[in-house]
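So you can see what is in the structure, the chains are spelled out below.
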Amino acid sequence: MKLGIVGLPNVGKSTLFNSLTKAGAESANYPFCTIDPNVGIVAVPDERLENLAELYHSRKVTPAVIEFVDIAGLVRGASKGEGLGNQFLANIRECDAIVHVVRCFEDDNIVHVDGSIDALRDIETIDLELLFSDMEILERRYAKISKAARMDKSLQKEAAMQERLKAHMEAGNMAKTFETKDEDEEAYLRSYGLLTAKPVIYAANVAEKDVASDGEGVAQVKAVREYAAKENSEVFVICAEIEQEISELEDDEKAMFLEELGMKESGLDKLIRASYHLLGLISYLTSGEDETRAWTIRRGTKAPQAAGKIHSDFERGFIKAEVVNYDDLLSCGSMAAARDKGLVRMEGKDYIVEDGDVILFRFNV
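Residues numbered from 1 in each chain as written. Predicted model: local features only at pLDDT ≥ 70, side-chain atom pairs only at ≥ 80, totals over all residues. Heavy atoms only, no water.

### Here we look at the pairing of strand 5 (residues 97-103)
Part 1: Of all seven residues in strand 5, seven are buried, a share of seventy percent or more.
Part 2: In strand 5, alternate side chains face the same way, and those of A97, V99, V101 and R103 on one face and I98, H100 and V102 on the other are all buried.
Part 3: Pairing of strand 1 (residues 2-6) with strand 5, which is carried by four bridges, proceeds in the parallel orientation. Bridging across to strand 5, I5 finds its partner in V99.
Part 4: Taken together, the six bridges between strand 5 and strand 6 (residues 200-205) define a ladder with parallel strand orientation. Considered in strand 6, the bridge of V99 is made with I201. (Buried < 20%, exposed > 50% of the residue type's maximum accessible area, 1.4 Å probe, protein only. Helix = DSSP H or I, 4+ residues; strand = E, 2+ residues; numbered from the N terminus. Pairing = 2+ DSSP bridges.)

### What to know about the packing of helix 3 (residues 119-149) against helix 7 (residues 219-230)
Part 1: Direction vectors running N to C along helix 3 and helix 7 enclose 45°, while the axes themselves pass 9 Å from each other. Classified by the interaxial angle, the pair formed by helix 3 and helix 7 is oblique. From helix 3, A119, L120, I123 and D127 reach across to helix 7, where they touch Q220, A223, V224 and Y227.
Part 2: Within the contact of helix 3 with helix 7, the residues separate by chemical class into six nonpolar, one polar and one charged. (Axes fitted to C-alpha atoms, helices over the stretch in contact; angles between N-to-C directions. Parallel < 35°, antiparallel > 145°, perpendicular 65-115°, else oblique. Contact = heavy atoms within 4.5 Å. Nonpolar A, V, L, I, M, F, W, Y, C, P; charged D, E, K, R; others polar.)

### Focus on the sheet that holds strand 5
Part 1: The strand order across the open sheet built from six strands is 2-4-1-5-6-7, with neighbouring strands paired in mixed fashion. Strand pairing shows two members of the sheet lacking a second neighbour, strand 2 (38-43) and strand 7 (234-238), which therefore form its edges. Neighbour-to-neighbour, the strand axes of this sheet turn through a mean angle of 25°, independent of strand direction.
Part 2: Across four bridges, strand 1 lies against strand 4 (residues 65-70) in parallel orientation. Bridge pairing links I5 to D70 in strand 4.

### Brief notes about unusual backbone geometry
Part 1: If you check the backbone angles, N10 has positive phi at about 65° while not being a glycine.
Part 2: In this structure N10 comes out as buried when scored by relative accessible area, which is 13%.
Part 3: Phi is positive for D214, which is not a glycine, with a value near 60°.
Part 4: Mapped onto the elements of the fold, D214 is located in the loop between helix 6 (208-211) and helix 7.
Part 5: Accessibility expressed as a relative area gives 31% for D214, which makes it partly exposed.

### Here we look at the pairing of strand 10 (residues 318-325)
Part 1: Pairing between strand 10 and strand 12 (residues 357-363): seven bridges, direction antiparallel. Paired with A321 across the two strands is F361, which belongs to strand 12.
Part 2: Note that strand 10 and strand 11 (residues 345-347) share three bridges and pair antiparallel. Its bridge partner being in strand 11, E322 is matched across the sheet by M346.

Right under this line is the structure:
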């Protein structure tokens, strides 16, 4: 999973990125201090892996990972060359979703590029810049394909779809609200990598005093939640400064620190939960002496396609999947004991993999 982080300058974007990835990207109290895209890889915490590794005496544990891409803060007019952010929008076109960091705290010591705190105005600024950037890309594609479609009838369907999409976006609408007519049009739309077609997770960055209550009572957070609900986006509340402190602690210290602050989980945990939910993702597990590993797939994936995540040969030569639920396996203490109790199932090509399935694939190529 790959997530792109966007936001205005000085909203806590790079501070959040640093805390999530411990990458140490520069953060300072002036706009455009991030002028190169920063990339960080984060392991998805999953206690099931350690328990399985202990059960199987695995030599290696490989968690699922999230790749974060942080770009320079966008400002009003970025799509027309203002600021530096627009230069780096291409870096997040391949992302699965966008994490939009929104400032919901007051601090006279940290300047706001527009001079005041207004979460909805800030969201609108970023949305418009992403929309303008997408329209620029679509204009170029449309000019090229509409010309080619005059000679090649097979391109006429896509050209007609692009014309409708262009009109939709010129009216100020995001690409994700565009209604495609069939699977072909869905495939065209996906291939364009439009930023406004991507799902969004809003990170409401609050003051330290508001983080334990999850932003309850903070007018800016309420506004972001209401806005997100209308577009079926996710919201999680963080305090980027606290996340920075948490990232510097050892695991046992983190739990104590969170408890002292009255927090149940870290911002990273909230973000992972929100992104898995928004993108419809689950994890299945494989375990043995060599390695215990988590594999991320979309909810509703059938066994052969899940096997293909490991290797294309597994999907091509799929025979059966030997499946046991993680909790059942752990309570039994071994695969043999789970098998004796009838808890291990042999599933075929139509089996839909569930979160927490521990699977051994049988295949023949």
